[in-house]
Amino acid sequence: MSETFTSVSQDEAGFRERTRLSFELDADICVIGAGLAGLSIALEAARLGASVVVLEGRHVGWNASGNQLGTVMPGFALPLTELIERIGLQHARELWALSKEGAEFVRANATEENIPGIAPSDGVLEVSNVDAGDRLISRLQMLNEDFDTEVEGWQVDRVSEALKTERYFHGVHYPRAFQVDGRKYVHGLAALARRAGARIFEDTPVVSIDHSGIRKRIVTPSARLRATHIVLAGNIHLGAPLRRLSETLLPVWRYAGITAPLGELLHEIIAFKGSVMDSDGVDHFRIVDGDRLMWESPETTWAVRPQRFAGSIKRRIRTIFPQLGNVEITETFGGATGQTVHGMPQIGQLRKGLWVASGFGRQGMNTSAMAGQLIVRSILWGDERWKLFSPFELVWAGGATGRVAGQLVGIWGRASSAAAGSLARYRERARVKDRKREARLAEANRAAGTGPRRPPPGVRPRPAPAPEHAAQDVKRAAEPAVQDEGVSQ
Ligand SMILES: Cc1cc2nc3c(=O)[nH]c(=O)nc-3n(C[C@H](O)[C@H](O)[C@H](O)COP(=O)(O)OP(=O)(O)OC[C@H]3O[C@@H](n4cnc5c(N)ncnc54)[C@H](O)[C@@H]3O)c2cc1C
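So, here's what we can say about the structure.

Conventions used here
- Residues numbered from 1 in each chain as written.
- Predicted model: local features only at pLDDT ≥ 70, side-chain atom pairs only at ≥ 80, totals over all residues.
- Heavy atoms only, no water.
- Near = heavy atom within 4 Å.
- Polar contact = N/O pair within 3.5 Å; in protein donor to acceptor, adjacent residues only side chain to side chain.
- Helix = DSSP H or I, 4+ residues; strand = E, 2+ residues; numbered from the N terminus.
- Nonpolar A, V, L, I, M, F, W, Y, C, P; charged D, E, K, R; others polar.
- Buried < 20%, exposed > 50% of the residue type's maximum accessible area, 1.4 Å probe, protein only.
- Contact = heavy atoms within 4.5 Å.
- Salt bridge = Lys/Arg side-chain N within 4 Å of Asp/Glu carboxyl O.

Re the site of the ligand
Now for step 1: Of all residues adjacent to the ligand, which total 39 residues, the nearest are E56, N63, S65, G361 and M365.
Now for step 2: Taking R362, its main chain carries an N or O atom lying 3.0 Å from a nitrogen atom of the ligand.
Now for step 3: For the ligand, an oxygen atom lies 3.0 Å from a polar atom in the backbone of G364.
Now for step 4: At the level of elements, α2 (36-47), β15 (329-339) and α11 (364-381) are the ones that each hand at least two residues to the shell around the ligand.
Now for step 5: In the shell around the ligand, the residues fall into 15 nonpolar, 19 polar and five charged.

Following this line, the structure appears as structure tokens:
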């Protein structure tokens, strides 16, 4: 378990009286986890008339969802070109369209009327760290023409007018992308979901589930619940209810800081009003509260107190905007995102009535909303579009070794797609090694006349995995115990 990070939104959450589940309950849908994913599902389900209960082990927005910047873009953490390479243009277009629907869900809910103080504003600028004008033009064409997404190309001088730094070259401006107060949004979602009829219980960790029957059982330390559908939206902290699922995610902690007020100088140096992110996924910033700079930068694959990152955020700001001098960081926050090996979220039905919504990585605002819509509409209306995600199987993220690999790759390249690529290769090598070892062991057992190893009691032996069969791999993650692929319980 990670440590709890203190932040404004968590303090706010602390003031509201929390309700723990202390009595037996029945519902249509039980959602585990009150982050962006769990609450988007709850809101959508309650609005469409289902009875829905959310069980949260800590409090609403405890992890990443209550400690994020609130930038809402179309697409996924996986770069678009890699998505097309993986599944082809047409399929990528369908997924991209769904990701845009997710962003529109956020836009429709994150209004001042619904969530006072949410402060929505338009426009996100993605800047390039290298001079890559020709790549930019083909990207613009692709987004505009093939993916029906409004974007503008900014030449180097336009970027340097908006951002007084020599570090950036061209830019891609998304006028329809937007930002909201990210730390308020999750609490607003909870309030909207409650208003629509969802019941949210905090300080209520789910310790086990029995998903075998039609009515599934969910066990917490103080009460039990029965539901026809369970949605696992616990991200990397899910733990005991389906440990194997958590092990398909590489936890990546991200941190951000907010400076003391910087006065007019800040506006002279940063004239762009929306969020700015660089094309390598290193820096992500925008002006907040009139003249403060909110800046997200370092990431780790181990939990560290965000306060420890104040110094490196400060240095990062100085590297990009030396004219700002030695800024003071007055607030820090952070949380753990769950990154999948393939870089795409985990959305789908593991077995009848058991759903997963996790692995949103660093782009969780639109994608978690999209997951909510897809899952609920499948449960209530039989909409099967979630199956568009089935090429993205649940893959073991490498456990502790994977984290070390992820951190090393992260330090080296700081590009999460690179991390995902090398982890995928790492996993493939590990699998091959494990299969060889299993074959040697079976051979030795045969020679010694002892026969194959018996599984421990309660563990069903399974046949060797069919190569690259997505649906089967997804199902395998829902099985109670694991013998192959080097995954340990
Ligand atoms: C610093 C930072 C900045 C970011 N900025 C952006 C941004 O600008 N735009 C963007 O799109 N994304 C951003 N992200 C990413 C985004 O925050 C995440 O992708 C998203 O919040 C993940 O939501 P989630 O609901 O899957 O997980 P979480 O937020 O981790 O929520 C899961 C919840 O489930 C609960 N839980 C787990 N297991 C159990 C259990 N057994 N029983 C009960 N409860 C359980 C946990 O306590 C937790 O509250 C940022 C992330 C960070 C850290």
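A closer look at the environment of I115
Now for step 1: In this structure, I115 sits in the loop between α4 (89-109) and β4 (121-127).
Now for step 2: Judged by relative accessible area, which is 6%, I115 ranks as buried.
Now for step 3: With residues near it in sequence (within four places) discarded, I115 still touches N109, A110, K184, Y185, G188, L189 and L192.

Some points on the pattern of salt bridges
Now for step 1: Enumeration over the complete set of coordinates arrives at 17 salt bridges.
Now for step 2: Between R107 and E104 there is a salt bridge, and its shortest N-O distance comes to 3.1 Å. Taken together, the residues R107 and E104, both in helix α4 and three residues apart, mark about one turn of the helix.
Now for step 3: Classification of E104 as partly exposed rests on a relative accessible area of 36%.
Now for step 4: Between R316 and D283 there is a salt bridge, and its shortest N-O distance comes to 3.0 Å. With R316 in helix α10 (residues 310-320) and D283 in the loop between β12 (275-278) and β13 (284-288), the pair connects residues that are 33 residues apart, well separated along the chain.
Now for step 5: D283 sits in the buried class, given a relative accessible area of 2%.
Now for step 6: Among the charged side chains, a salt-bridge network with shared partners connects E104, R107, D122 and R176.

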